[in-house]
Amino acid sequence: MPLLCEVAVPVPLARAFSYEVPPALAASVRPGARVLVEFGRKKVLGVVLAMSEGAAPEGVRLKPIAAVVDPEPVLPPELLSFLRELSSYYFAPIGEVLRLALPAVEREDVRALEAQGELPGTLSRVKQVGGRKIAYARPTDAVEEPGVLRGQAASVLALLRSNGEMPIARLEEKFGNARAAVKKLASLGLVVTEEREPPRDAFFARPEPRDEPPALNEAQSAAEARIEEALQGLGAQKSASFLLFGVTGSGKTEVYLRAIAGCLARGRGAIVMVPEIALTPQLVARFRARFGDDLAVLHSGLSEADRHAMWKRVRTGAVRVAIGARSAIFAPVANLGLILVDEEHDGSFKQEEGVRYHARDMALLRAHRASAVAVLGSATPSLESVHLVRQGKLVELRLPDRAHREATLPEVTTVDLRRIGAGPTGNKLISLPLHRALEKTLAAGEQVILFLNRRGFAPSVVCESCGHVATCLACSVALTFHRARGGRMRCHYCDWEGPMPAACSECKAPALALEGLGTERLEETIAEAFPTARVARLDRDVADGAKAEAILAKMRAGEIDVLVGTQMVTKGHDLGNVTLVGVLNADAALSLPDFRASERGFQLLVQVAGRAGRRDRPGRVIIQTRNPEQPAVQFAKRHDVSAFLEHELADRAEVGYPPFSRLTLFRVDALDEEVARRAAGVIAAHAKTSPEGQSRVVEVLGPAAAPLARLRGRYRFRVLLRAKDRRALRAATAVAAAAIAEIDRRVRVVVDVDPVAML
Ligand code: ADP
Ligand code: ZN
């Protein structure tokens, strides 16, 4: 009987392809292994999904597997089957899903393939990395005898002399014989070579002293005991999933640490997911203090070599805890025992491009399949998770109080922007009460956080003569004025940027005015009004990744008095000396055209309020709004998360949105408006004529123009499928998705299962 295997190739097709396994490769072709296969006229890198014994179908001649790439399968069976399930859940091509989890190919393995006579070109587009060390070549001051050097040796030397030191691997990209050339040059004393470790990751730059675990308080102990119990039951019993619902500063992280310790003690591994790893170095530091440096921190700042080194340490079991943002869900942790999702409500767990997976939902799935324990933690749980608790699918663990005994929740007051005027700065968004509170806090030598979710200097450029608002030519949004780099108008959606015109583009009047307040202007205004205060800003324009951490480190060190910023200031920083938090305009987040606007706005308010008074000094929060009566503001004011959840759940139930229904969003866009509209119509028609559509078990809403009707020059439409029953929704989605093949090729269609971004 010939041995066959199913191979997923990196093409946007849902199906895998069958190949024959030549007897010589029978021992090394295994599920999860990468192989080279002929596909069309090319050789491509594929992943073996499954093997079977049997004959090819009548009349079909299967091609053989050309070569096996990695000595060991890169994807362990547990991870491979999880990825296949994810692919089917999100209607995402398996080849693209696998790409999310696959590491780079090791250069050594590539060389072995080349030695077997496999085309080097095949793998040229695949990411490759060297082993642990990187070899560099550097030119010396020595001068060659004329006429000694020919061919590549001469070219390599010339390149090195113009560039200075280079990795030999980089030279090889240009010159096939670079290695031999470097050897020759080295023997002539013209070049020296050196092997070096890849640069050490910034998260591990400073040593972290081990900590002494604190004695848990009662609520923490109870939570720990429940998780322990579940960890003990592993293997024997079915898995268990928890929602750790604890107010900000209640010591959730301590519970995570204990859970991991329990997991490690049983010889199992753990995955920890956080919204933005770059903003949580403190969390990483706490993990290092407890477990030492045997952690893999997966983040976007890693070099390809570092990422691969981390991946390998996890895959071989040298490291058993992986921490990262949403993509950490794909870490090949062996013998997985625990998945933690911190700030589980955070929108960043949803990937909004390519494969649109939700890492929190997938954490529950992967944990379940791996018989592992899942713990979702938050101070403001998502309605989805709360709903799962009510359905008995998640067990709720509560931490009702702040862990530091003296720390209490801050006092929250609202400022009604319709009634209360500007303070001394004259800016309406810096109200008199806020101004006075700033004065008082600064006088006491304490710190302030001011939150405004608008980047730039002024959110709009308006003509004072005709009222025309400057908008992006490619997107249906207003342009934001940025003061930086001499004053430019920028589109926050497509990143277009241009000079500010002298006159209105409509009426030609030279009367353009900068309206509204962005973080840039806020920083400037505060710095002017409080000349002795040290004011800093944290938003995407000044900081991402390492820079954000540098700003936060200064804040922790007390070198900043007022930190102004966007969402970035709301995340879980533990800043002991912050006693005043100002929310400049709560309405900006609460009035978006999205059924989750209220939930998200509420989470934001509670999270930012949670930055105040985390230690012994009481904190104060001022929320400015034009509608202080709205529920999100009212419940945030009382710190009553449970009551908000109750209220919001009732609202959702009434309108039939998630978690009381499930959604699939078809996003359709094209350069031509009519073409896009027609395509959306085709998809909607197919969905409506599916059996589930006809019986109205699945509602088809649309086609309709998207709230953001135009983006990057493309017109956007959407079709929303909604149903109570997941199976019915899947069936209708499949019918509508099948229609995509018939649609005009100029149209882009994205299937978004369980959509989060609704714009
Ligand atoms: P959360 O993750 O819920 O926001 P943290 O775990 O950051 O809360 O805890 C807030 C603060 O309380 C931290 O400084 C932490 O070290 C401290 N803490 C946590 N648990 C205890 C405990 N049992 N006893 C004393 N301090 C604790
Ligand atoms: Zn734009």
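Above this text sits the structure in question.
A brief report on the enclosed structure follows. For clarity, every value in this text was computed on a predicted model and none was experimentally measured. (Residues numbered from 1 in each chain as written. Chains lettered and ligands numbered in written order. Predicted model: local features only at pLDDT ≥ 70, side-chain atom pairs only at ≥ 80, totals over all residues. Heavy atoms only, no water.)

1. Digging into the sheet that holds strand β23 (residues 497–499)
Turning to step 1, where the next piece is worked out: An order of β21-β22-β23 is seen for the three strands of this open sheet, with the pairing classed as antiparallel. The open sheet is flanked by β21 (480–482) and β23, the only strands paired with a single partner. The average angle at which neighbouring strand axes cross in this sheet is 35°, direction not considered.
Turning to step 2, where the next piece is worked out: Two strands pair when backbone bridges link them, and strand β22 (residues 488–490) and β23 are joined in this way by three bridges, in the antiparallel orientation. Bridging from a neighbouring strand, Met489 pairs with Gly498 of β23. (Pairing = 2+ DSSP bridges. Helix = DSSP H or I, 4+ residues; strand = E, 2+ residues; numbered from the N terminus. Axes fitted to C-alpha atoms, helices over the stretch in contact; angles between N-to-C directions.)

2. Section: the pattern of salt bridges
Turning to step 1, where the next piece is worked out: In the structure shown here, the tally under the stated rule is 41 salt bridges.
Turning to step 2, where the next piece is worked out: We note a salt bridge from Glu72 to Arg30, for which the minimum N-O separation is 3.7 Å. Taken together, the residues span a long stretch of sequence, with Glu72 in the loop between β5 (67–68) and α1 (77–89) and Arg30 in the loop between β2 (17–21) and β3 (34–39) at a distance of 42 residues.
Turning to step 3, where the next piece is worked out: Here Arg34 and Asp70 are joined by a salt bridge, their closest N and O atoms 2.8 Å apart. Of this pair, Arg34 sits in strand β3 while Asp70 sits in the loop between β5 and α1; the two residues are 36 residues apart in sequence, bridging distant segments of the chain. Each member of the pair, Arg34 as well as Asp70, carries the same accessibility label: buried.
Turning to step 4, where the next piece is worked out: In this structure, a network of salt bridges that share partners links the residues Lys350, Glu352, Arg356, Arg667 and Asp752. (Salt bridge = Lys/Arg side-chain N within 4 Å of Asp/Glu carboxyl O. Buried < 20%, exposed > 50% of the residue type's maximum accessible area, 1.4 Å probe, protein only.)

3. Here's the deal with helix α6 (residues 178–187)
Turning to step 1, where the next piece is worked out: When we look at burial in α6, the residues that qualify are Ala178, Ala181, Val182 and Leu185. For α6, the arc enclosing every buried residue in end-on projection is 100°, short of the 170-degree limit, so these residues lie on one face. For α6, the exposed residues set more than 90 degrees away from the buried face come down to Ala180, Lys183 and Ser187.
Turning to step 2, where the next piece is worked out: Positive phi shows up at Gly189, right after α6, with a value of about 75°. (Arc of directions from axis to C-beta.)

4. Here we look at the site of ligand 1
Turning to step 1, where the next piece is worked out: Around ligand 1, 18 residues are found, and the nearest of them are Ala215, Gln220, Lys252, Thr253 and Arg286.
Turning to step 2, where the next piece is worked out: Residue Ala215 places a main-chain N or O atom 2.8 Å away from a nitrogen atom belonging to ligand 1.
Turning to step 3, where the next piece is worked out: Contact distances for ligand 1 include 2.9 Å between an oxygen atom and a side-chain N or O atom of Arg286.
Turning to step 4, where the next piece is worked out: A total of 550 Å² of accessible area belongs to ligand 1 in isolation, and the protein chains cover 79% of it.
Turning to step 5, where the next piece is worked out: It is helix α8 (residues 252–265) that provides the largest number of residues to the shell around ligand 1, a total of three residues. (Near = heavy atom within 4 Å. Polar contact = N/O pair within 3.5 Å; in protein donor to acceptor, adjacent residues only side chain to side chain. Areas by Shrake-Rupley, 256 points an atom, 1.4 Å probe, with all protein chains shown as cover.)

5. A short note on the nonpolar core
Turning to step 1, where the next piece is worked out: Core analysis: the largest hydrophobic core is formed by 119 residues, its most contacted members being Met273 and Leu563.
Turning to step 2, where the next piece is worked out: Among the elements that take part in this core, helix α20 (residues 673–689) stands out by supplying seven residues, more than any other. (Core = buried A, V, L, I, M, F, W, Y, C linked by side-chain atoms within 4.5 Å.)

6. Re unusual backbone geometry
Note: most residues except glycine have negative phi, and most peptide bonds are trans.
Turning to step 1, where the next piece is worked out: Here the bond from Pro658 into Pro659 is cis, since omega is 5°, no more than 30 degrees from zero.
Turning to step 2, where the next piece is worked out: As for its placement among the helices and strands, Pro659 is situated in the loop between α19 (641–655) and β29 (662–670).
Turning to step 3, where the next piece is worked out: Looking along the chain, the bond that leaves Gly702 and enters Pro703 is cis, with omega of 10°.
Turning to step 4, where the next piece is worked out: Checked against the element boundaries, Pro703 lands in strand β30 (residues 698–711).
Turning to step 5, where the next piece is worked out: Positive phi outside glycine occurs at Ser371, with the angle close to 50°.
Turning to step 6, where the next piece is worked out: Inspection of the secondary structure puts Ser371 in the loop between α11 (359–369) and β16 (373–378).
Turning to step 7, where the next piece is worked out: Positive phi values are uncommon outside glycine, yet Arg712 reaches one of about 50°.
Turning to step 8, where the next piece is worked out: Looking at the secondary structure, you find Arg712 in the loop between β30 and β31 (714–723).

7. So, the coordination of the zinc ion (ligand 2)
Turning to step 1, where the next piece is worked out: Protein-derived coordination of the zinc ion (ligand 2) comes from Cys472 (SG), Cys475 (SG), Cys491 (SG) and Cys494 (SG), at a distance range of 2.3 to 2.4 Å.
Turning to step 2, where the next piece is worked out: In this structure, the zinc ion (ligand 2) is coordinated by four donor atoms arranged in tetrahedral fashion, with angles at the metal of 106 to 114°.
Turning to step 3, where the next piece is worked out: Between the donor residues of the zinc ion (ligand 2), the gaps in sequence give the motif C-x2-C-x15-C-x2-C. Residue Cys472 is found in the loop between β20 (460–463) and β21, and its partner Cys494 is found in the loop between β22 and β23; the two are separated by 22 residues along the sequence.
Turning to step 4, where the next piece is worked out: We classify Cys472 as buried; its relative accessible area is 6%. (Donors = N, O, S within 2.8 Å, 3.2 Å for Na, K, Ca; no water. Tetrahedral: all angles 85-135°; square planar, octahedral: opposite > 155°, others 65-115°.)

8. Considerations on the sheet that holds β30
Turning to step 1, where the next piece is worked out: Taken together, the four strands give an open sheet; going across it, the order is β30-β31-β29-β32, and neighbouring strands pair in antiparallel fashion. Edge positions in the sheet fall to β30 and β32 (748–753), since each has one partner strand and no second. Recorded for the sheet is a direction-independent mean angle of 20° between the axes of neighbouring strands.
Turning to step 2, where the next piece is worked out: One ladder, built from nine bridges, connects β29 with β31; its direction is antiparallel. Note on β31: the bridge partner recorded for Arg662 is Ala723.
Turning to step 3, where the next piece is worked out: The strands touched by α20 within the sheet are β29, β30, β31 and β32, with β31 carrying the most contacts at an inclination of about 10°. (Contact = heavy atoms within 4.5 Å.)

9. Observations concerning the packing of helix α7 (residues 218–232) against α8
For any two helices packed against each other, the geometry comes down to the angle between their axes and how far apart the axes lie.
Turning to step 1, where the next piece is worked out: The contact between α7 and α8 brings their axes to 10 Å, and the two run at 25°. What the angle tells us is that α7 and α8 run roughly parallel. Crossing handedness for the pair α7 and α8: right-handed. Contact with α7, carried on its side by Gln220, Ala223, Glu224, Ile227, Glu228 and Leu231, involves Glu254, Val255, Arg258, Ala259, Gly262 and Cys263 of α8 and no other residues of that element.
Turning to step 2, where the next piece is worked out: Residue composition of the contact of α7 with α8, grouped by class: six nonpolar, two polar and four charged. (Parallel < 35°, antiparallel > 145°, perpendicular 65-115°, else oblique. Left-handed = near helix turned anticlockwise from the far one by under 90°. Nonpolar A, V, L, I, M, F, W, Y, C, P; charged D, E, K, R; others polar.)

10. Some remarks on the pairing of β31
Working note: regular strand, side chains alternate between the two faces of the sheet.
Turning to step 1, where the next piece is worked out: Summarising burial for β31: eight of the ten residues are buried, a large majority.
Turning to step 2, where the next piece is worked out: As defined by bridge partners, β30 adjoins β31 across eight bridges and the pair is classed as antiparallel. Opposite Ala704, over in β31, you have Arg718 as the bridge partner.
Turning to step 3, where the next piece is worked out: Counting the residues that bridge the hairpin from β30 to β31 gives two residues, and of these Arg712 lies at a positive phi of roughly 50°.

11. Concerning the environment of Ala372
Turning to step 1, where the next piece is worked out: By secondary structure assignment, the location of Ala372 is in the loop between α11 and β16.
Turning to step 2, where the next piece is worked out: Once the C-alpha coordinates of Ala372 and Leu157 are considered, the two residues, 215 residues apart in sequence, prove to be 55 Å apart.

12. Remarks on the packing of aromatic side chains
Turning to step 1, where the next piece is worked out: Evaluated as defined, the whole model comprises nine aromatic pairs.
Turning to step 2, where the next piece is worked out: Here Tyr89 and Tyr90 contribute two aromatic rings whose centre-to-centre distance is 4.8 Å and whose plane-to-plane angle is 80°, an arrangement assigned as edge-to-face. A single burial state applies to Tyr89 and to Tyr90, both of which are buried.
Turning to step 3, where the next piece is worked out: Among the aromatic residues, ring-to-ring pairing joins Phe82, Phe330 and Tyr357 into one connected group.
Turning to step 4, where the next piece is worked out: In this structure, Arg722 packs its charged tip against the face of Tyr657, placed 4.8 Å from the ring centre. (Phe/Tyr/Trp six-rings, centres within 6.5 Å; stacked < 30°, edge-to-face > 60°. Lys NZ or Arg CZ within 6 Å of the ring centre and 35° of its normal.)

13. Quick word on the pairing of strand β15 (residues 336–342)
Turning to step 1, where the next piece is worked out: Counted residue by residue, β15 has seven buried out of seven residues, so it is predominantly covered.
Turning to step 2, where the next piece is worked out: Note that strand β12 (residues 269–273) and β15 share five bridges and pair parallel. Residue pairing in the sheet places Ile271 in a bridge with Ile339 of β15.
Turning to step 3, where the next piece is worked out: Looking at chain direction, β15 and β16 are connected through five bridges and run parallel.

14. Examining the packing of α1 against α11
Turning to step 1, where the next piece is worked out: Packing of α1 against α11 brings their axes to within 10 Å, and their N-to-C directions diverge by 140°. Relative to α11, the element α1 is oriented oblique. As α1 packs across α11, the resulting crossing turns out to be right-handed. Of α11, the residues touching α1 (which contributes Glu78, Leu79, Phe82, Glu85, Leu86 and Tyr89) are Met362, Leu365, Arg366 and Arg369.
Turning to step 2, where the next piece is worked out: Among the residues making up the contact of α1 with α11, the classes are represented as six nonpolar, no polar and four charged.

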